[in-house]
Amino acid sequence: MEATTAPEAALGPTLKVKEASPADADGPQASPRRGASSPLPQLLPPIEEHPKIWLPRALRQTCIRKVGDTVNLLIPIQGKPKPQAIWTRDGCALDTSRVSVRNGERDSILFIREAQRADSGRYQLSVQLGGLEATATVDILVIERPGPPQSIKLVDVWGSSATLEWTPPQDLGNTALLGYTVQKADTKSGLWFTVLERYHRTSCTVSNLIVGNSYAFRVFAENQCGLSENAPVTADLAHIQKAATVYKTEGFAQRDFSEAPKFTQPLADCTTVIGYDTQLFCCVRASPKPKIIWLKNKMDIQGNPKYRALTYLGICSLEIRKPGPFDGGIYTCKAVNALGEASVDCRVAIPN
């Protein structure tokens with residue numbers, strides 16, 4: 001008959017009561033007819049505490065360890081007198097060369113110095129006292145890094161993108177994969193850069209590659225222990241070609257900038273002093289470049305050494321060198337080109 005209370009069922013361990021035989025029910029009795037040489041029966045000590053296992057909350061889920069880690073499980077137990085604690089794995093006895101067990105008054109310890117994947121399994125602790133038994137199970141999973149994907153190939157290259165395909169690794173590391181990490185490297189720098197992390201498919205498209213560069217790709221597998229120790233690299237390079245560009249020039253009408261001369265700054269009247277050089281200024285705009293003619297009282301003064309005429313970027317100037325009493329009068333600046341002509345005047349006064 002099995003008896004399990006509600007609190008104990010919530011904790012995980014179970015308590016079993018072994019069925020007693022009729023001889024056990026009668027109990028040991030002393031027979032007055034036994035001879036002096038007959039051995040006296042021994043009475044079992046009374047059970048003061050039923051056997052019970054207090055399974056820690058952290059061990060109610062799968063206990064995950066990495067290869068090479070230490071497994072040290074301490075599980076509190078109770079029972080008085082001291083119960084017998086027995087560990088098994090998947091229903092079989094433990095391999096004492098790999099697993100050590102120490103049973104105390106109030107706990108039982110299972111110890112593995114360097115865990116290996118072969119140590120994974122369901123471990124059962126049985127605590128027995130008289131005809132009573134309590135059991136609990138602990139699942140242990142020992143994992144390691146996955147193997148690399150078996151192959152990777154470059155499927156297609158177009159524009160600034162490349163398509164890749166690969167196959168899953170043969171060894172997953174005794175646990176499920178979290179995904180794949182895809183990296184790229186251009187042949188100029190040789191540096192690897194991650195483009196995708198924890199990617200779940202076995203094909204992808206890498207975009208935004210630089211035109212004119214050539215790229216290699218590699219893929220890592222990843223689980224709870226981390227990335228695979230190595231990764232296959234694409235045998236072919238992805239060459240990102242520069243697309244041929246054809247430039248078409250649109251026809252446009254040539255603008256005609258020709259114009260007749262026009263003075264934008266006229267000559268200004270002035271009064272000068274005998275013996276001091278005097279300059280006259282004006283500004284003209286015209287296309288094509290006009291011919292500048294200076295006149296005094298409507299007489300051409302070109303070539304007269306007393307005057308020096310200059311024209312630069314449309315600025316016209318006339319210098320009167322050491323003017324005398326007879327150098328006063330009306331000075332005219334005339335601009336002439338093929339489209340027309342224009343002129344401006346000013347009065348120069350020389351007081352006596």
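Residues numbered from 1 in each chain as written. Predicted model: local features only at pLDDT ≥ 70, side-chain atom pairs only at ≥ 80, totals over all residues. Heavy atoms only, no water.

Defined as follows: UniProt positions are given in the numbering used here, feature names are shortened, and annotations may be inferred rather than shown by experiment.
The name that an unreviewed UniProt entry assigns to the chain is Myosin-binding protein H-like, with the source organism given as Moschus moschiferus. What the UniProt record of the chain gives under Function (unreviewed entry) is the line "Myosin-binding protein which plays a role in cardiac function. Seems to regulate conduction in the atria and ventricular conduction systems." Its UniProt record gives the chain a comment under Sequence similarities (unreviewed entry), which states: "Belongs to the immunoglobulin superfamily. MyBP family."

## Here we look at the environment of D236
Basically, it comes down to this: Counting from the N terminus, the helices are the DSSP runs of H or I reaching at least four residues and the strands are the DSSP runs of E reaching at least two. Any two residues having at least one pair of non-hydrogen atoms within 4.5 Å are treated as being in contact.
For D236, the position within the fold is in the loop between β17 (226-227) and β18 (238-239). Residues D236 and A216, spaced 20 residues apart in sequence, show a C-alpha to C-alpha distance of 7.3 Å. If sequence neighbours within four positions are ignored, D236 has contacts with L154 and Y215.

## Concerning the packing of aromatic side chains
Defined as follows: Only Phe, Tyr and Trp rings are paired, with Trp represented by its six-membered ring, and only when their centres lie within 6.5 Å; those with planes under 30 degrees apart are stacked, over 60 edge-to-face, the remainder tilted. Residue burial is assigned from relative accessible area. The probe radius is 1.4 Å, only protein chains are included, and a residue is buried under 20% of its type maximum, exposed over 50%, and partly exposed in between.
Evaluated as defined, the whole model comprises three aromatic pairs. Seen from their ring centres, W166 and Y199 are 6.4 Å apart, and the 55° between their planes marks the pair as tilted. One end of the pair, W166, is in strand β12 (residues 161-166); the other, Y199, is in strand β14 (residues 192-199), with 33 residues separating them in the sequence. Where Y307 meets Y331, the ring centres are 6.1 Å apart and the plane angle is 65°; that geometry is what we call edge-to-face. Taken together, the positions of Y307 in strand β24 (residues 307-312) and Y331 in strand β26 (residues 329-337) put the pair 24 residues apart, joining distant regions of the chain. By relative accessible area, which is 10% here, Y307 ends up buried.

## Quick notes on the pattern of salt bridges
Going by this rule: A pair is scored as a salt bridge if a Lys or Arg side-chain nitrogen falls within 4 Å of a carboxyl oxygen belonging to Asp or Glu.
Applying the stated rule across the entire model yields 13 salt bridges. Of the charged contacts in the structure, one is a salt bridge between R89 and D90, with a shortest N-O distance of 3.7 Å. For R89, a relative accessible area of 27% puts it in the partly exposed group. As a salt-bridge pair, R102 and D107 come within 3.5 Å of each other at their nearest N and O atoms.

## What about unusual backbone geometry?
At the junction of K80 and P81, the peptide bond is cis and its omega measures out at 5° in the coordinates. Relative to the assigned elements, P81 resides in the loop between β4 (71-80) and β5 (84-89). Looking along the chain, the bond that leaves S287 and enters P288 is cis, with omega of 0°. For P288, the location among the structural elements is in the loop between β21 (278-287) and β22 (291-296). Unlike most non-glycine residues, N174 shows phi in positive territory, near 70°. The topology assignment puts N174 in the loop between β12 and β13 (179-186). For N174, a relative accessible area of 30% puts it in the partly exposed group.

## A few points about the pairing of strand β16 (residues 214-223)
Along any regular strand the residues' side chains alternate between the sheet's two faces. Under the convention used in this document: Paired strands are those between which DSSP finds at least two bridges.
For β16, a buried count of nine out of ten residues is recorded, marking the element as mostly surrounded by other parts of the structure. The pairing of β16 with β18 spans two bridges and is classified as antiparallel. The partner of Y215 across the bridge, within β18, is A238. As judged from the two bridges shared by β16 and β17, these two strands associate in the antiparallel manner. Each residue of the ladder has a partner; that of E222, found in β17, is L227. Connecting β16 to the next strand, β17, in antiparallel fashion are two residues.

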